[in-house]
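# Coordinate inspection notes
What follows is the residue order along each chain.
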Amino acid sequence: MAAGPFSSETLWVADVANYTINPHDDVFLIFHKLSGDTHILNFLSAGILEVLKNNGAANFQTIAEWVWAFLDLTVEECPLDLVEKTILQLDDVALVLPQNG
Amino acid sequence: MGMTDFKPLGEYDRRAIIDALAAGTLEMPLGHFTARIKAQVNTLVDFLYDTYRDVPVKTELSDVTDISIHLRAPSILRKYIRTQVIPDPGFQVPAVPLPTSMAALAFEMGVNLVVALKCCRFVSCHAGVVANEKGAIFMCANSGGGKSTLVSVLMEDGYRLLSDEFGLLCMESASLAAYPRPVSLKNVSIDIVRQLSGKEWISPELSGTPKGKIAYRRARPDDINKAHLSAPAKLILFPSFNPIGGHYARRLSVSEAVMRLIPSSTNYHLLGEKAYLALTKMVAGAEVYEIAYRSTDESLTIVRDLAVKVGL
């Protein structure tokens, strides 16, 4: 589920200016300044935010390719579908946003 | 010493306290908060004389106060017939009217509500905190988890009382501030603490309250005199009384501990990122355990072992 309409070509950006993220043990704590909510992220969610922060806006396919390279994963280990679902979950809590225009 | 100086409440003439309460000019600084108290309730006078006897007060206001509590009747009818009181902190609170015999409980609940809802200088968590010169033990538990009993027992072990109801976390230093008000004891814990501490330290019991039987363990003069000293958390505990289960101590990760502390905070979402940073800093500097126990003795053994382990 996503926070709003999207397609496979929607470009996603990380809301970098509005969160603080810290690694703790094998997870990441993230504080979202706009909602005031705190979340625990696994390595995949945190990896998606990191590649979006480093590379800018991208669609599902491009983000997945960046994530596979960044986390040294294969498509079998981390299918595109899983990356898509994770991006939509991040969208639900406003940590990533669809880019307008 | 003039009337405008602070001196322990118990050293004042009862008439002076009654007059100051009636005029709303009783000023009570304790830790980082100064309270102004107004009331015309004899049972509150008795409670203050007993339980706050060592706390310095003034009978004339000389400062802006952080807390203003007016203990008053909820309606004109309840001022005269089946008399009741509610704590009025100057803003609307969900306070249940209580019989005047329970004025002490109304007062304590009123002060707690003000700190919980209006304190923005500290991250406040529902927790009991004690400390020695090396650091603090921060105990965060649901009601009935044995937090206040543990606080009282650890006071007998030589720890200083920082607070019973709220862990107050300084956002700049991530250390814990003291607010040594009386420790609220309920039901069976009253007898346990009375036996350990001595009956002279326990207030008269209030029976039939919404929380059952209640009594208060008075803060010691040393707790009050050192209320300006903060302490870093060395050990964070999530205790639970588990009479039919086993006892254990399970270490928690930083992330798990932070996520469990957030719901216990009354102002985390109000304070935002600063609260997040202070909370994570406090947790990262401490060891965190979830503990379960079947008796007070067992809880004390577990906590003593963990305290030694973390160097307290």
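Residues numbered from 1 in each chain as written. Chains lettered and ligands numbered in written order. Predicted model: local features only at pLDDT ≥ 70, side-chain atom pairs only at ≥ 80, totals over all residues. Heavy atoms only, no water.

A word on the overall build of chain B. Along the backbone of chain B there are eleven helices and 19 strands. Across its three principal axes, chain B shows a C-alpha extent of roughly 55 × 40 × 40 Å. In chain B, which comprises 312 residues, the share counted as buried stands at 55%. Surface summary for chain B: the accessible area is close to 13200 Å², and the carbon and sulfur share equals 53%. Looking at chain B, you have 35 positive and 31 negative side-chain charges, and the mean spots of the two groups are 4 Å apart. (Helix = DSSP H or I, 4+ residues; strand = E, 2+ residues; numbered from the N terminus. Buried < 20%, exposed > 50% of the residue type's maximum accessible area, 1.4 Å probe, protein only. Areas by Shrake-Rupley, 256 points an atom, 1.4 Å probe, with all protein chains shown as cover. Lys, Arg positive; Asp, Glu negative; His and termini not counted. Charge placed at Lys NZ, Arg CZ, Asp CG, Glu CD.)

All names here are of chain B. In spatial order, the strands read β14-β16-β15; together these three strands make up an open sheet with antiparallel pairing. At either end of the open sheet lies a strand with only one pairing partner, and these are β14 (183-186) and β15 (206-209). Direction aside, neighbouring strands of the sheet carry axes that sit 35° apart on average. Both β14 and strand β16 (residues 212-217) contribute to a ladder of four bridges, which runs antiparallel. Paired with Val-183 across the two strands is Arg-217, which belongs to β16. Relative to β14, helix α5 (residues 147-156) is tilted by about 120°, and along the sheet it contacts β14 and β16. Taken strand by strand, helix α6 (residues 188-197) contacts β14 and β16, and its axis lies near 125° from that of β14. (Pairing = 2+ DSSP bridges. Axes fitted to C-alpha atoms, helices over the stretch in contact; angles between N-to-C directions. Contact = heavy atoms within 4.5 Å.)

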